[in-house]
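Each chain, written out:
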Amino acid sequence: MDAIEAILTRRSIRRYTSQQVPEQTVRQLLQAAMSAPSAGNEQPWQFVVITDRRILGEIPKFHPYAEMVKEASVAILVCGDLRLEKYKDHWVQDCSAATQNLLLAAHAKGLGAVWVGIYPTEERVMRMRKLLGLPGSVVPLCLVPLGYPAERIPSTDRY
């Protein structure tokens, strides 16, 4: 799949099969995410790979749009690390670029994924920090549940 095809056919997938995503595939997705551009090449991101079913089951209790995480093989939490900032507040843009790379790479690998926003909703930020024991300098931007798709959503022309 070439880049334009991946961009035009990627859709938010919220239903997954029980097939597990291999660790090597997760590593490739993280590599793609970390290849995103960032202000001053600061790369202010941290990624938390979540496979623990108990932790995944806790997230929908405080996030009303994260029910699909219960079916996901894995979820990747994309965070901004304020200690790594060179340019104040650019971490949001930098981590968003990393998230888009992650979503496109997942699609290109035949996986389904969806962007579940956390920041700037303070309650979600605080609850995610508490659940995972994140330090105050690490801000969860979004969660990307992913797995092998159990649904197909056709692409549409949005031009």
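Our structure's up above, just so we're on the same page.
Everything in this summary refers to the structure shown in the same document. Everything quoted here is computed from the prediction, not taken from an experiment.

### Let's talk about the nonpolar core
Then comes step 1: In this structure, Phe47, Ile59, Leu77, Leu143 and Leu146 are the most contacted members of the largest nonpolar core, which totals 48 residues.
Then comes step 2: Among the elements of the structure, α2 (23–33), β1 (45–50), α3 (53–58), β2 (74–81), α4 (91–108), α5 (122–132) and β5 (138–147) are those that each provide at least two residues to this core.
Then comes step 3: Among residues more than four places away in sequence, those in contact with Leu146 are Tyr16, Val21, Leu29, Ala72, Ser73, Val74, Ile76, Leu111, Gly112 and Ala113.

### What about the state of the cysteines?
Then comes step 1: According to the stated counting rule, one finds zero disulfides in the structure shown.
Then comes step 2: The thiol sulfur of Cys79 is not disulfide-bonded, and the nearest other cysteine sulfur, from Cys95, lies at 7.7 Å.
Then comes step 3: According to the relative accessible area criterion, Cys79 is buried, its value standing at 0%.
Then comes step 4: Of the residues examined, Cys95 reaches a relative accessible area of 0% and is grouped as buried.

### A look at the packing of α2 against α4
Then comes step 1: In contact at an axis separation of 7 Å, α2 and α4 are set at 140 degrees when each is read in the N-to-C sense. Classified by the angle between their axes, α2 and α4 sit oblique to one another. Seen along the crossing, α2 lies across α4 with a hand that is right-handed. From α2, Leu29, Ala32 and Ala33 reach across to α4, where they touch Ala98, Asn101, Leu102, Ala105 and Ala106.
Then comes step 2: Here the residues of the contact of α2 with α4 sort into seven nonpolar, one polar and no charged.

### Topic: the pairing of β5
Then comes step 1: Taking burial as the measure, the ten residues of β5 include ten buried ones, the bulk of the element.
Then comes step 2: Pairing of β2 with β5, which is carried by eight bridges, proceeds in the antiparallel orientation. Within the sheet, the bridge partner assigned to Val74 lies in β5 and is Leu146.
Then comes step 3: Of the strand pairs in this sheet, strand β4 (residues 116–117) and β5 are connected by two bridges, and their pairing is antiparallel. Looking at the pairing, Gly117 lines up with Cys142 of β5.

### Description of the side chain of Ser137
Then comes step 1: One can find Ser137 in the loop between α5 and β5.
Then comes step 2: Look past the residues within four positions of Ser137 in its chain and what remains in contact with it is Gly80, Asp81, Leu82 and Arg83.

### Comments concerning α2
Then comes step 1: When α2 is considered as a whole, its buried residues turn out to be Thr25, Val26, Leu29, Leu30 and Ala33. The arc that holds the buried residues of α2, viewed along the axis, is 140 degrees, so those residues lie on one side. Turned more than 90 degrees away from the buried face of α2, the exposed residues are Arg27 and Gln31.

### Here's the deal with the pattern of salt bridges
Then comes step 1: Tallying each qualifying case throughout the model produces six salt bridges.
Then comes step 2: Of the charged contacts in the structure, one is a salt bridge between Lys70 and Glu67, with a shortest N-O distance of 2.6 Å.
Then comes step 3: A relative accessible area of 48% means that Glu67 is categorised as partly exposed.
Then comes step 4: A salt bridge links Lys88 to Asp89; the shortest N-O distance between them is 3.7 Å.
Then comes step 5: On the basis of relative accessible area, Asp89 is assigned to the partly exposed category, the value being 46%.

### Some remarks on the environment of Gln46
Then comes step 1: As for its position among the elements, Gln46 is in strand β1.
Then comes step 2: Its relative accessible area of 31% is what places Gln46 among the partly exposed residues.
Then comes step 3: For Gln46 and Met34, which are twelve residues apart along the polypeptide, the C-alpha to C-alpha distance reads 9.3 Å.
Then comes step 4: Setting aside anything within four residues of it in sequence, one finds Gln46 in contact with Leu77, Val78, Cys79, Asp81 and Leu84.
Then comes step 5: In this structure the side chain of Gln46 is engaged in a polar contact, spanning 3.0 Å, whose partner is the side chain of Asp81.

Rules behind the numbers
Residues numbered from 1 in each chain as written. Predicted model: local features only at pLDDT ≥ 70, side-chain atom pairs only at ≥ 80, totals over all residues. Heavy atoms only, no water. Core = buried A, V, L, I, M, F, W, Y, C linked by side-chain atoms within 4.5 Å. Buried < 20%, exposed > 50% of the residue type's maximum accessible area, 1.4 Å probe, protein only. Helix = DSSP H or I, 4+ residues; strand = E, 2+ residues; numbered from the N terminus. Contact = heavy atoms within 4.5 Å. Disulfide = S-S within 2.5 Å. Axes fitted to C-alpha atoms, helices over the stretch in contact; angles between N-to-C directions. Parallel < 35°, antiparallel > 145°, perpendicular 65-115°, else oblique. Left-handed = near helix turned anticlockwise from the far one by under 90°. Nonpolar A, V, L, I, M, F, W, Y, C, P; charged D, E, K, R; others polar. Pairing = 2+ DSSP bridges. Arc of directions from axis to C-beta. Salt bridge = Lys/Arg side-chain N within 4 Å of Asp/Glu carboxyl O. Polar contact = N/O pair within 3.5 Å; in protein donor to acceptor, adjacent residues only side chain to side chain.

Remember, this is a structural readout, not a statement about activity or role.
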